[in-house]
Structure formats: structure tokens, C-alpha cells
Amino acid sequence: MAAYGSTMPEVHETIAEFRAVLDQSRAQGQAIGLVPTMGYLHQGHASLLRQATVDNDLAVATIFVNPLQFAATEDLSTYPRDLDHDLALADECGIAHVFMPTVAEMYPEPILTTVSVAGITARFEGAARPEHFAGVATVVAKLLAIAGPCRAYFGEKDFQQLAVVRRMVADLSMPVQVVGCPIVRDHDGLALSSRNVYLSPGQRAAAPALYRGLRAASAMAATGERSVDAVLAPLRAAVVAAPGAVLDYAAVVQADTLEPAATVVGEQRVLVAVGFGATRLLDNVGLG
Ligand code: PAF
């Protein structure tokens, strides 16, 4: 166990130590809530941490910037980190233990076994970042294997990631209940994300266009409009009007399979991805 200032969570750097803590707690009949993160925690993470604390006897978090989910051209080495802040926030949210392994602890050998989820990963973020979801699924599978039976909490902001994790857990019969938590937004509607820190002041001012557009799309669907193009039109227009924004995709999808919808009906989700320079922002809202 490592000591980090006067914060409350116990920090564990080895798999064996973290697993032993959770095994012991389960042996006492405690329900465990696990929140996997890459650190640089914000209020979106805090909502997951708090939910895990409310739902379970023991709430724990992981902080691991997973190299497998970054392409060579992406921001692995500059991914923002602030450990003191993370541990203080985890403490505030009632987190008792934080697993913070090194890359060597997680991947002592070049990894030969990976998990890839077909179908759901073919489009959207999977198309833009071909290696990404195999990296996410592999590290989440590993974290769940280390943690054992638990509830695991993921934010709906990365909606495709949540769908991938749900499907992996179901397909592989993992003894885990996946809990999706609502997006937390800034005062002007921008979905909280660790990557918002990369936005210039001008880009930050323009970025709420995503949520404005999503709300307009949702309002259009609420009028009874069934055409996907008509529902997406105000979203596309909002992004096009935002200075510096480059639309990657805007889509209406089935909420569980992420298959693009032919018409707007039932449990669906509007997804959007926008580039502001090198920074990629994702957002989504539910329909129906
Ligand atoms: O959403 C994230 O922060 C990461 O993709 C996750 C789920 C912690 C896996 O590294």
C-alpha cells in the first residue's frame, strides 16, 4: 500500500494487493462498486464515484492511463494527470481504495491476448480510432478479472464505450453488473471530459454548440418527426455554425446495438463527434 498525503483512499499499486482487499471485503458479504478511470477526475467521474458509494458497501476506483487504447499518433504521453486532486476527489466521494498500477504491473509482457467486440465497434469511434475499443475492452476485462464480482460504473458520455463494455460483460458471462451513469455538464451544457482542458478559449466558447444541437435534435424528434435526416439537421447546423468545429459524425442509433436507425422511433440515441483542432469531443442524448 502506498501513502499519498493525508488523503483517505488507500492506494494499491499491485494486482495482488488490490485483489486481496476486494476478496476480503466480499468474504465479509460486502457488495463492491468499481469505477475504472484514467484519472484527471472531474465532476463527471465524481458522479460515478458517488453512485458507486451509494449503491455498494465498498466503493473503489482504478486510475490507469491505458496505453493499449491510444494510437501512436494520440495523446498518451501528454494525457493530463493530477494525482493529488484525484485522490482528494475520490476521498470526498467516499472511495476507500484506489488501484493505481504501473504499466509494467498491468502488462509485464507484451500482451498476446486481447478482447475485441465486433459489430458495435465497427462505426463511429471505432471507425475513427481503429485500435481504440480493443484496447478499452482488454483493459476493462483485465480490471474486472482483477476486481472480481462487482458493480462497475461507466459514464454515458462515452456511449459507445458503455455499449461495448455491456456487450463484452454479457458475451463473456462476467460476474459484473454494468451501471451506466448520466452525463454531467458544465454550466453552458458542455459535457465534462478530461480532454476539455485541451480546448483553446475560442474553442471552449464554441463547444456548447454540440449540446445545443443535440437538444434541438431531441426537440425535433419530440414533435413526432420520424425522418433521421430531419432530426439531425439542427444538430448539423449548430456544429457547422460553431467557429473551428469540424463535424465527424452525427447519427441516430439504436441504444443497445448502436445500429444506425432507419427512422426515429423507440429507444434511440443521437450521437455526435466533433473535432476542434486536435481535440475530439463526443456527446449524445437519448430519444424516446
Ligand atoms: O473511459 C475511460 O476513462 C477509459 O476508457 C476506461 C474505461 C477507464 C478504460 O481505460
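Residues numbered from 1 in each chain as written. Predicted model: local features only at pLDDT ≥ 70, side-chain atom pairs only at ≥ 80, totals over all residues. Heavy atoms only, no water.

Undergrad: Which residues make up the site of the ligand, and what values do they have?
TA: Neighbouring residues of the ligand: Pro36, Thr37, Met38, Gln69, Val139, Phe154 and Gln161. Separating an oxygen atom of the ligand from a side-chain N or O atom of glutamine 69 is a distance of 2.7 Å. With respect to the ligand, the side chain of glutamine 161 contributes an N or O atom lying 2.7 Å from an oxygen atom. Relative to its unbound accessible area of 290 Å², the ligand is 89% covered by the protein chains. Of the residues contributing to the shell around the ligand, the split by class is four nonpolar, three polar and no charged. (Near = heavy atom within 4 Å. Polar contact = N/O pair within 3.5 Å; in protein donor to acceptor, adjacent residues only side chain to side chain. Areas by Shrake-Rupley, 256 points an atom, 1.4 Å probe, with all protein chains shown as cover. Nonpolar A, V, L, I, M, F, W, Y, C, P; charged D, E, K, R; others polar.)

Undergrad: Describe the packing of aromatic side chains, naming the residues involved and giving the relevant values.
TA: Tallied over the full model, the rule gives four aromatic pairs. Relative to tyrosine 79, the ring of phenylalanine 70 has its centre 5.7 Å away and its plane inclined at 80°; by these criteria the two rings are edge-to-face. Like tyrosine 79, phenylalanine 70 is buried. The ring of tyrosine 211 carries arginine 185 above its face, with NZ or CZ at 3.6 Å from the centroid. (Phe/Tyr/Trp six-rings, centres within 6.5 Å; stacked < 30°, edge-to-face > 60°. Buried < 20%, exposed > 50% of the residue type's maximum accessible area, 1.4 Å probe, protein only. Lys NZ or Arg CZ within 6 Å of the ring centre and 35° of its normal.)

Undergrad: Which residues make up helix H3 (residues 83-92), and what are the values?
TA: Looking at H3, one finds that the buried residues are Asp86, Leu87, Leu89 and Ala90. Seen along its axis, H3 keeps its buried residues to an arc of 165°; they face one direction. In H3, the exposed residues that point more than 90 degrees away from the buried face are Asp84 and Glu92. Here the buried face of H3 lies against strand E1 (10-12), helix H2 (43-55), strand E3 (58-63) and strand E4 (97-99). One or two steps after H3, the chain reaches glycine 94, where phi turns positive at roughly 90°. (Helix = DSSP H or I, 4+ residues; strand = E, 2+ residues; numbered from the N terminus. Arc of directions from axis to C-beta. Contact = heavy atoms within 4.5 Å.)

Undergrad: So what's going on with the pairing of strand E2 (residues 32-37)? Residues and values would help.
TA: Within E2, six of the six residues are buried, leaving the element largely enclosed by the surrounding structure. Residue alternation in E2 divides its side chains into two sets, Ile32, Leu34 and Pro36 and Gly33, Val35 and Thr37, and both sets are buried. With six bridges joining them, E2 and E3 adopt parallel strand pairing. Paired with leucine 34 across the two strands is valine 60, which belongs to E3. With H2 bridging E2 and its parallel neighbour E3, the resulting β-α-β unit is right-handed. Where E2 and strand E5 (residues 150-155) come together, two bridges link them in parallel fashion. Residue leucine 34 lies in a different strand from E5, and its bridge partner there is alanine 152. (Pairing = 2+ DSSP bridges. Right-handed = clockwise from strand over helix to strand, strands pointing away.)

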